[in-house]
Amino acid sequence: MSNLLQDKVVIVTGAASGIGRAIAISAARHGAKAVLVSDIAELPREGGTPTTQEIEALGVATRFVQADVSRKADVDRLVEAAAAFGGVDVMVANAGITARDDGADVSEESYRRLMAVNLDGTLFSAQAAARQMKANGKAGSIVLMASMGGIVGAGMTVAYSTSKGGVVLMAKSLADALGPDGIRVNAVAPGTIDTHLLRTAAGIADAAEGFRQRTPLRRLGKPEEIGDAVVWLGSDMSSYVTGIALQVDGGLLAV
Ligand code: NAD
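Calculation criteria
Residues numbered from 1 in each chain as written. Predicted model: local features only at pLDDT ≥ 70, side-chain atom pairs only at ≥ 80, totals over all residues. Heavy atoms only, no water. Near = heavy atom within 4 Å. Polar contact = N/O pair within 3.5 Å; in protein donor to acceptor, adjacent residues only side chain to side chain. Areas by Shrake-Rupley, 256 points an atom, 1.4 Å probe, with all protein chains shown as cover. Helix = DSSP H or I, 4+ residues; strand = E, 2+ residues; numbered from the N terminus. Nonpolar A, V, L, I, M, F, W, Y, C, P; charged D, E, K, R; others polar. Salt bridge = Lys/Arg side-chain N within 4 Å of Asp/Glu carboxyl O. Buried < 20%, exposed > 50% of the residue type's maximum accessible area, 1.4 Å probe, protein only. Core = buried A, V, L, I, M, F, W, Y, C linked by side-chain atoms within 4.5 Å. Contact = heavy atoms within 4.5 Å. Pairing = 2+ DSSP bridges. Right-handed = clockwise from strand over helix to strand, strands pointing away. 1 Å grid on protein atoms, 1.4 Å probe; cavity = no way out; pocket = protein on both sides within 12 Å on 5 of 7 lines; lining within 4 Å. Points joined across faces, edges and corners; volume = space filled by probe spheres on them.

K.L.:
Hey, could you go over the site of the ligand for me, with residue numbers and the actual values?
P.N.:
Taken together, the neighbourhood of the ligand is formed by 29 residues, with Ile-19, Asp-39, Asn-94, Tyr-160 and Thr-195 sitting nearest. Contact distances for the ligand include 3.0 Å between a nitrogen atom and a backbone N or O atom of Val-69. Taking Gly-191, its main chain carries an N or O atom lying 3.5 Å from an oxygen atom of the ligand. When the ligand is considered free in solution it has 830 Å² of accessible area, and contact with the protein chains removes 96% of it. Residue assignment for the shell around the ligand shows that the elements contributing at least two residues are α1 (18-29), α4 (108-136), α5 (158-178) and α6 (196-200). With 3 residues, α6 is the single largest residue contributor to the shell around the ligand. Taken together, the residues of the shell around the ligand sort by class into 14 nonpolar, 10 polar and 5 charged.

As structure tokens, then:
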């Protein structure tokens with residue numbers, strides 16, 4: 001499709017399903033040298049073939065690495081696996097979970113798990129990638145998955161929005177910390193994207209129709225449209241872009 005990611009080794013977390021899967025496949029379509037697909041389980045939650053099978057069919061080197069991003073040791077092992085391909089150039093910290101809550105009734109267990117995956121997991125992924133990029137002297141790109149819920153508040157997902165707001169500030173802070181090494185860090189903030197997470201998360205699916213009607217483009221986003229944004233941020237086409245949260249939301253937050 002293009003050579004935007006030519007010679008780049010890409011890691012995508014949460015890449016068995018949904019947006020992560022689309023990002024990994026987009027990376028392969030745009031010429032990546034190798035794509036490491038990581039998730040807690042290899043098969044897509046929505047059913048179908050493993051992401052690695054789709055990437056192999058495109059003739060791109062790939063490997064599945066099982067990792068729970070909330071466990072630092074798992075993430076470190078994932079990034080070490082990239083050494084076999086010459087080291088990571090683009091880390092996409094996409095893995096995330098959601099749950100509807102109004103703040104008052106979120107259980108301690110659900111709150112802690114959400115923060116462990118969305119905040120700890122995202123930071124561990126960025127840190128491990130940055131360490132390897134620095135050791136290899138690579139000017140890499142790190143892309144963190146935020147959400148429109150991290151830009152504006154949402155009373156029905158208080159814990160989720162808090163975690164994603166943290167991801168936006170994490171991207172800005174890491175951009176400052178890693179910029180002198182030539183490493184760029186950006187966040188992507190999707191609007192309402194048609195994935196398994198959206199269709200199955202309790203109470204969120206009902207809200208999606210309301211979001212669709214409020215979105216200027218009057219439709220939900222496709223996972224591939226997030227893939228395209230991530231490919232641009234991962235590529236040298238965005239070489240002077242760091243510390244942003246790129247809204248990919250059909251205009252939802254513009255109105
Ligand atoms: P999804 O549920 O379809 O896919 C998420 C993937 O992450 C799954 O394959 C799951 O197994 C994996 N995962 C969950 N916990 C993990 C962990 N601890 N370690 C590793 N992998 C783990 O969800 P999605 O809609 O594709 O969401 C992907 C990202 O995009 C998330 O960070 C989500 O918050 C964000 N997002 C989604 C939307 C949307 O509308 N779908 C909007 C804004 C942001």
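K.L.:
Which residues make up the pattern of salt bridges, and what values do they have?
P.N.:
What the rule picks out here adds up to 12 salt bridges. We note a salt bridge from Arg-219 to Glu-225, for which the minimum N-O separation is 2.8 Å. With relative accessibility at 37%, the residue Arg-219 sits in the partly exposed group. In this structure, a network of salt bridges that share partners links the residues Arg-71, Asp-74 and Arg-77.

K.L.:
A description of the nonpolar core should follow, citing residues and the corresponding values.
P.N.:
Ile-11, Leu-36, Val-88, Ile-142, Leu-144 and Val-185 are the most contacted members of the largest nonpolar core, which has 36 residues in total. Put simply, the parts of the chain that give this core at least two residues each are β1 (9-12), β2 (34-39), α3 (72-81), β4 (90-93), α4, β5 (141-145), α5 and β6 (184-190). Setting aside its immediate chain neighbours within four residues, Ile-11 contacts Leu-36, Leu-78, Val-79, Ala-82, Val-88, Val-90, Met-91 and Val-92. Listed in part, the 27 residues of the second largest apolar core include Leu-5, Ala-32, Met-145 and Val-230.

K.L.:
Before we move on, could you go through the pairing of β6 and cite the residues and values that matter?
P.N.:
With 7 of 7 residues buried, β6 lies mostly within the body of the structure. Neither face of β6 is open: one carries Arg-184, Asn-186, Val-188 and Pro-190, the other Val-185, Ala-187 and Ala-189, and all of them are buried. Direction of pairing for β5 relative to β6: parallel, over a ladder of 5 bridges. Across the sheet, the residue bridging to Ile-142 is Val-185, located in β6. Handedness of the crossover joining β5 and β6 through α5: right-handed. Sheet analysis places β6 next to strand β7 (residues 245-248), joined by 4 bridges and oriented parallel. Looking at the pairing, Val-188 lines up with Leu-246 of β7.

K.L.:
Requested: an account of the layout of surface pockets, with residues and values cited.
P.N.:
Reported here for the second largest pocket is a volume of approximately 250 Å³. Lining the second largest pocket we find 16 residues, and of these Ala-22, Ile-25, Ser-26, Pro-223 and Glu-224 sit closest to its centre. Breaking the lining of the second largest pocket down by element, the ones donating at least two residues are α1, α6 and α8 (223-234). Of the residues contributing to the lining of the second largest pocket, the split by class is 4 nonpolar, 5 polar and 7 charged.

K.L.:
An account of the environment of Pro-223 is requested, with residue identities and associated values reported.
P.N.:
Mapped onto the elements, Pro-223 comes out in helix α8. According to the relative accessible area criterion, Pro-223 is buried, its value standing at 13%. Measuring from C-alpha to C-alpha, the distance between Pro-223 and Leu-246 comes to 15 Å, with 23 residues separating the pair along the chain. Excluding residues that lie within four positions of it along the chain, Pro-223 makes contacts with Gly-18, Ile-19, Ala-22, Ile-193, Asp-194 and Thr-195.

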